[in-house]
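Chain residues, written in single-letter form:
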Amino acid sequence: MGQFDPQPWKDPPLAGGLVALLDDVAVLARAAAASIDDIGAAAAKAGAKAAGVVVDDAAVTPQYVRSLAAERELPIIKRIAVGSLRNKFFIILPAVLLLSQFVPWLLTPILMLGGAYLCYEGAEKVWAKIAHHGASGAGEEKVQDETTLVSGAVRTDLILSAEIMVISLNEVIDEAFWSRLAILAVVAVVITVLVYGVVALIVKMDDAGLRLSQRSGAVATFGRGLVRAMPVVLTVLTVVGTAAMLWVGGHILLLGTNELNLHFLYEAVHDVEVAAHDATGVLGGLVGWLVNTVASAILGLIVGALVVLVMTLTLHGRKSKAAAAAAAATTRADGTIPAPPSRAARRRDAPADRAPRG
């Protein structure tokens with residue numbers, strides 16, 4: 001007789017393999033969770049470095065919906081936000097990743113071109129305000145069609161988003177390619193939701209105030225105050241947005257020249273910043289930042305004004321000449337513009353062989 005096995009129920013080899021497999025899955029899950037935590041932390045750190053540009057983006061965007069009907073504000077903001085995501089995922093993210101991987105030296109010149117465009121946008125707004133000051137109808141805003149408005153906002157967003165993504169990239173440049181991709185994708189989504197969520201809240205605050213004003217007591221008083229305050233808030237945001245364009249654009253150029261080994265501008269601003277910091281004690285950090293910001297804005301205004309001048313003498317000048325030539329072609333020798341022909345004259349000049357009606 002064979003020997004009796006006292007443990008006929010002991011685990012077969014398959015069970016041991018399953019336990020080992022589950023152990024491996026648990027290890028992989030923990031590693032994935034740790035990677036997600038690392039990506040989240042890196043994205044938060046990278047996004048925080050771009051906080052100044054995020055504020056700029058949030059300040060610039062409301063000016064694009066100021067002249068719209070209330071019911072069109074949120075749809076337009078949604079269209080701009082979708083355009084911003086397209087900018088980030090289909091243009092900026094592939095470009096910065098490929099450039100950083102293969103030709104990283106190109107990032108700075110491209111970013112400086114974007115900075116010059118921001119300076120141009122800001123300086124053009126300043127010039128338009130000065131040139132039309134006191135003119136009849138100067139307070140009236142030109143109403144643009146929605147497609148033109150969205151296109152302009154998305155173009156400006158492209159520059160600001162590129163700045164945000166490049167700043168974020170600089171914080172994670174030592175990470176592996178796929179980690180960089182994941183971190184920048186998280187930054188792109190979070191920044192877009194944050195910026196356009198804040199913009200939506202800003203532009204709808206007057207509607208909220210109007211609803212509150214229809215109630216009673218302190219709530220109604222608060223609502224009326226909100227309604228009265230929002231035009232002022234939007235005007236301030238327009239000014240802040242224009243200043244931020246000049247500041248961010250000038251700062252991009254300032255840093256870019258330094259990275260291209262043209263150190264004199266950066267060093268001059270840095271020396272003044274350090275002197276202001278050391279001379280103001282506990283307020284040194286704030287004063288130093290203000291010095292750097294003002295210097296960047298002045299540089300942005302100078303560069304932007306030069307670009308506006310060049311554009312006025314070339315592209316805009318040609319458009320003005322073409323418009324003047326078209327107007328002159330429809331003007332009589334005595335300087336008057338002929339009136340359109342009357343209905344009777346059109347009937348008189350009509351072809352005689354036209355078939356009679358009915």
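Residues numbered from 1 in each chain as written. Predicted model: local features only at pLDDT ≥ 70, side-chain atom pairs only at ≥ 80, totals over all residues. Heavy atoms only, no water.

A. Region of interest: the overall build of the protein. Across its full length, the protein carries 11 helices and 0 strands. When the helices and strands of the protein are listed from N to C terminus, the series reads α-α-α-α-α-α-α-α-α-α-α. Here the protein holds 358 residues, and the buried ones make up 32% of them. When contacts within the protein are restricted to residue pairs at least 6 apart in sequence, long-range pairs at least 24 apart make up 78% of them. Of the accessible surface of the protein, which amounts to about 22400 Å², a share of 67% is contributed by carbon and sulfur atoms. (Helix = DSSP H or I, 4+ residues; strand = E, 2+ residues; numbered from the N terminus. Buried < 20%, exposed > 50% of the residue type's maximum accessible area, 1.4 Å probe, protein only. Contact = heavy atoms within 4.5 Å. Areas by Shrake-Rupley, 256 points an atom, 1.4 Å probe, with all protein chains shown as cover.)

B. Just the environment of Ser-151, in detail. Residue position: Ser-151 is located in helix 5 (residues 146-171). Overall, the relative accessible area of 33% leaves Ser-151 in the partly exposed class. Separated by 72 residues in the primary sequence, Ser-151 and Arg-79 have C-alpha atoms spaced 9.7 Å apart. Within polar-contact distance, the side chain of Ser-151 engages the backbone oxygen of Thr-147 at 2.8 Å. (Polar contact = N/O pair within 3.5 Å; in protein donor to acceptor, adjacent residues only side chain to side chain.)

C. A nonpolar patch on the surface, seen in detail. Taken together, the side chains of Val-282, Leu-283, Leu-286, Trp-289 and Leu-290 make up a nonpolar region of the molecular surface, amounting to roughly 560 Å² of accessible area. Relative to the helices and strands, Leu-290 resides in helix 9 (residues 284-313). By relative accessible area, which is 39% here, Leu-290 ends up partly exposed. (Patch = residues over 30% accessible without salt bridge, like charges linked within 9 Å, V, L, I, M, F, W, Y side chains within 5 Å. Salt bridge = Lys/Arg side-chain N within 4 Å of Asp/Glu carboxyl O.)

D. Broad picture of helix 7 (residues 218-259). Largest kink in helix 7: about 35 degrees, centred on Ala-229, with the proline Pro-231 one to four residues after it. Downstream of helix 7 by one or two residues, Asn-261 has phi in the positive range, about 70 degrees. (Bend = angle between axes of the 7 residues up to and from the residue.)

E. Spatial organisation of the packing of helix 4 (residues 107-131) against helix 5. Remark: helix 4 packs on helix 5, axes separated minimally by 10 Å, with the N-to-C direction vectors making an angle of 140 degrees. In terms of their interaxial angle, helix 4 and helix 5 are classed as oblique. Viewed along their axes, helix 4 and helix 5 form a crossing whose handedness is left-handed. Across from Leu-107, Leu-111, Gly-114, Gly-115, Tyr-117, Leu-118 and Glu-121 in helix 4, the residues of helix 5 making contact are Arg-155, Thr-156, Ile-159, Leu-160, Ala-162, Glu-163, Val-166 and Leu-169. Along the lines of polarity and charge, the residues of the contact of helix 4 with helix 5 split into 9 nonpolar, 3 polar and 3 charged. (Axes fitted to C-alpha atoms, helices over the stretch in contact; angles between N-to-C directions. Parallel < 35°, antiparallel > 145°, perpendicular 65-115°, else oblique. Left-handed = near helix turned anticlockwise from the far one by under 90°. Nonpolar A, V, L, I, M, F, W, Y, C, P; charged D, E, K, R; others polar.)

F. Local environment of the confidence of the model for the protein. Within the protein, residue pLDDT values average 76, and 67% of them lie at 70 or more. Here residues 354-358 is modelled with pLDDT under 50, and outside its nearest four sequence neighbours on either side it reaches 0 contacts, counting other chains as well. (pLDDT = per-residue confidence, 0-100.)

G. Fine view of the environment of Arg-228. Summarising the element assignment, Arg-228 is placed in helix 7. In this structure Arg-228 comes out as exposed when scored by relative accessible area, which is 59%. Taking the C-alpha atoms as reference, Arg-228 lies 8.1 Å from Asp-206; in sequence the two are 22 residues apart.

H. Region of interest: the pattern of salt bridges. Counted under the stated rule, the structure contains 4 salt bridges. We note a salt bridge from Arg-72 to Glu-146, for which the minimum N-O separation is 2.8 Å. Note that Arg-72 is positioned in helix 3 (residues 70-102) and Glu-146 in helix 5, a separation of 74 residues in sequence. Linked through salt bridges whose partners overlap, the residues forming this network are Arg-72, Arg-79 and Glu-146.

I. Examining the packing of aromatic side chains more closely. Applying the stated criterion across every chain yields a total of 3 aromatic pairs. When the centroid spacing of 6.0 Å and the interplanar angle of 80 degrees are considered together, the rings of Trp-247 and Trp-289 count as edge-to-face. On the criterion of sequence distance, the pair formed by Trp-247 in helix 7 and Trp-289 in helix 9 is long-range, its members being 42 residues apart. Assessed through its relative accessible area of 44%, Trp-289 is described here as partly exposed. (Phe/Tyr/Trp six-rings, centres within 6.5 Å; stacked < 30°, edge-to-face > 60°.)

J. Structural context of unusual backbone geometry. Notably, Asn-261 is not glycine yet its phi reads approximately 70 degrees, a positive angle. Mapping Asn-261 onto the fold places it in the loop between helix 7 and helix 8 (264-279). What makes Asn-261 exposed here is its relative accessible area of 58%.

K. Structural detail: the nonpolar core. Of all hydrophobic cores here, the largest spans 41 residues; its most connected members are Ile-76, Ile-77, Val-96, Leu-118, Met-165 and Leu-184. Residue assignment for this core shows that the elements contributing at least two residues are helix 3, helix 4, helix 5, helix 6 (177-213) and helix 7. Grouped together as the second largest cluster of nonpolar side chains are 6 residues, Met-112, Cys-119, Leu-254 and Val-269 included. (Core = buried A, V, L, I, M, F, W, Y, C linked by side-chain atoms within 4.5 Å.)

L. A look at the side chain of Ser-296. Following the sequence through the fold, Ser-296 ends up in helix 9. On the basis of relative accessible area, Ser-296 is assigned to the buried category, the value being 0%. Looking at Ser-296, its side chain comes within polar contact range of the main-chain oxygen of Asn-292, at 2.8 Å. Residue contacts for Ser-296: discarding those within four places in its chain leaves Leu-246, Trp-247, Gly-250, His-251 and Leu-254.

M. The arrangement of the packing of helix 4 against helix 7 in detail. Contact geometry of helix 4 with helix 7 gives a least axis separation of 8 Å together with a crossing angle of 150 degrees. Relative to helix 7, the element helix 4 lies roughly antiparallel. Handedness of the crossing formed by helix 4 with helix 7: left-handed. Only Thr-242, Met-245, Leu-246, Val-248, Gly-249, Gly-250, Ile-252, Leu-253, Gly-256, Thr-257 and Glu-259 of helix 7 make contact with helix 4, whose side of the interface consists of Thr-108, Leu-111, Met-112, Gly-115, Ala-116, Leu-118, Cys-119, Glu-121, Gly-122, Ala-123, Lys-125 and Val-126. The residue makeup of the contact of helix 4 with helix 7, split by class, is 12 nonpolar, 8 polar and 3 charged.

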